[in-house]
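Chain by chain, the residues run as shown.
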Amino acid sequence: MLKPELLLNDLNPLDLEDSRYEYKNKGVPSVTELLSYIDNQGLINWANMIGRKGMNNQDVLKRAAQFGTNTHSAIEKYLKNQDIFVDNSSFKAFINWWDKLNDENKVDIIGQEESLISPYYAGTYDLLININGDPYLVDFKTSNHVGYKYFMQIAAYRYLLYTQKNINIQGSIVLQLKKGVNPKYNEFVLNFNNPFHYEFIENSLRAFMGIVYTFHNAENCKKQFNDIFD
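Cut-offs used in this document
- Residues numbered from 1 in each chain as written.
- Predicted model: local features only at pLDDT ≥ 70, side-chain atom pairs only at ≥ 80, totals over all residues.
- Heavy atoms only, no water.
- Helix = DSSP H or I, 4+ residues; strand = E, 2+ residues; numbered from the N terminus.
- Buried < 20%, exposed > 50% of the residue type's maximum accessible area, 1.4 Å probe, protein only.
- Expected span 1.5 Å × (residues − 1).
- Polar contact = N/O pair within 3.5 Å; in protein donor to acceptor, adjacent residues only side chain to side chain.
- Phe/Tyr/Trp six-rings, centres within 6.5 Å; stacked < 30°, edge-to-face > 60°.
- Contact = heavy atoms within 4.5 Å.
- Salt bridge = Lys/Arg side-chain N within 4 Å of Asp/Glu carboxyl O.
- Core = buried A, V, L, I, M, F, W, Y, C linked by side-chain atoms within 4.5 Å.
- Pairing = 2+ DSSP bridges.
- Axes fitted to C-alpha atoms, helices over the stretch in contact; angles between N-to-C directions.

### Quick look at the environment of E104
In step 1: Along the chain, the position of E104 falls in helix α5 (residues 89-104).
In step 2: Using a relative accessible area of 54% as the deciding quantity, one classes E104 as exposed.

### Structural notes on α5
In step 1: End to end, α5 covers 23 Å across 16 residues, agreeing with the expected 22 Å (1.5 Å per residue, within 8%).
In step 2: Residues S89, S90, F91, A93, F94, I95, W97, W98 and L101 constitute the buried set of α5.
In step 3: In this structure N88 caps α5, since a side-chain oxygen of it lies 3.1 Å from the backbone nitrogen of S90.

### A word on unusual backbone geometry
In step 1: Non-glycine residue D18 carries a positive phi angle of around 55 degrees.
In step 2: Take D18: it is sitting in the loop between α1 (5-8) and β1 (21-23).
In step 3: For D18, a relative accessible area of 82% translates into the label exposed.

### As for the packing of aromatic side chains
In step 1: Applying the stated rule across the entire model yields nine aromatic pairs.
In step 2: Residues F94 and W97 carry aromatic rings whose centres are separated by 5.8 Å and whose planes lie at 45 degrees to one another, so their mutual orientation is tilted. Of this pair, F94 and W97 are both found in helix α5, three residues apart, which corresponds to roughly one turn of the helix.
In step 3: W97 sits in the buried class, given a relative accessible area of 1%.

### Re the environment of D108
In step 1: Along the polypeptide, D108 turns up in strand β3 (residues 107-112).
In step 2: Judged by its relative accessible area of 35%, D108 is partly exposed.
In step 3: Along the backbone, D108 and N130 are 22 residues apart, and their C-alpha atoms lie at a distance of 5.1 Å.
In step 4: Those residues in contact with D108, other than ones at most four positions away along the chain, are L128, I129 and N130.
In step 5: Among the polar contacts listed, one links the side chain of D108 to the side chain of K106, at a separation of 2.9 Å.

### Quick word on the environment of D87
In step 1: Residue placement: D87 occurs in the loop between α4 (57-79) and α5.
In step 2: Between the C-alpha atoms of D87 and T71, which are 16 residues apart in sequence, the distance is 8.3 Å.

### Here we look at the pattern of salt bridges
In step 1: The final tally for this structure, using the stated rule, is nine salt bridges.
In step 2: We note a salt bridge from E104 to K100, for which the minimum N-O separation is 3.2 Å. Linking E104 with K100, this pair stays in helix α5, spanning four residues, or about one helical turn.
In step 3: Using a relative accessible area of 42% as the deciding quantity, one classes K100 as partly exposed.
In step 4: Measuring nitrogen to oxygen at the nearest pair gives 3.0 Å for the salt bridge that ties D139 to K141. Here D139 and K141 have matching classes, each one buried.

### Here's the deal with the nonpolar core
In step 1: Ranked by size, the top nonpolar core spans 36 residues in total, and within it Y121, L137, L161, F208, M209 and V212 carry the most contacts.
In step 2: For this core, the elements supplying multiple residues, two or more each, are α2 (31-35), α6 (148-165) and α7 (195-229).
In step 3: By residue number, the principal contributor to this core is α6, which donates 10 residues.

### Observations concerning the sheet that holds β3
In step 1: The mixed open sheet is built from five strands, whose spatial order is β3-β6-β7-β8-β9. Bordering the open sheet on either side are β3 and β9 (185-191), each of which pairs with just one other strand. Within the sheet, the average angular offset between the axes of one strand and its neighbour, ignoring direction, is 25 degrees.
In step 2: Both strand β8 (residues 171-177) and β9 contribute to a ladder of seven bridges, which runs antiparallel. Bridge pairing links Q176 to N186 in β9.
In step 3: Together, β3, β6 (127-131), β7 (134-141), β8 and β9 form the strand contacts of α5, whose direction differs from that of β8 by roughly 145 degrees.

Right, dumping it as C-alpha cells:
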C-alpha cells in the first residue's frame, strides 16, 4: 500500500467552520466535499437537463438525497434487527442482494455507518463485512450512475481503516440500488488479489490524496490572500 503521509506531512490542516467532522476540535472536510472539488461536468449536464424540463434542480436534488438517506437508514436498521419504516424499491433490492450474498457465502458484519476521522479528511462508510474470512467494504448508492469517484471514496476509507484500525480490506463492493417499480441492483466488485483491481484502487488513492493536498493548500492560500489584501 502507498504511503500518502509522505505527501501530507507538510500540510497545515485547515480548521473548517460548520464541518460535520472534527479532529481535535478542528473542523475537517468530508470525503464527499473533497470529491466535489474536481470535475462535476456530469452534475452540470444533469442540472441543465432538469432546467430544460422546467423543474427546479434543487428540489430534485433534495428529493434524491432524502430517498438515499431513507434507504441507507432502512438498511442500517434491518441489519441491526430494528423496526423499519421505509419499504422502497431500492431497499427491496438490497434485501435481494443480501439474501443472495448470504446464501452463497459465509458473511459476518464487522462494522456499520462508522465515522473515520483524520486531520486531513473524514467520512462515514456504509458497511464493512467479512466474506468467507476476507474483509470487504460495501458502499450503497441510489444514484443512476456509478463512476470512478465512488472508488476514490472507497480508497479514502480503505486508507483510514488500514492506518487507524489495522484492517486491510481485501476488496470492495459498490452496490447500486436502482429506483423503479422492480427492485434491481448492480454490483461493482473489486478483488484486491487481482493485480489490475489492486492497481486501480491504489491509483484511486493517489488521485484522492492529490485532491486532499490541493484542497488544504488552496484553501489556506485563499485565506492568506484575504488576510493580506482585505
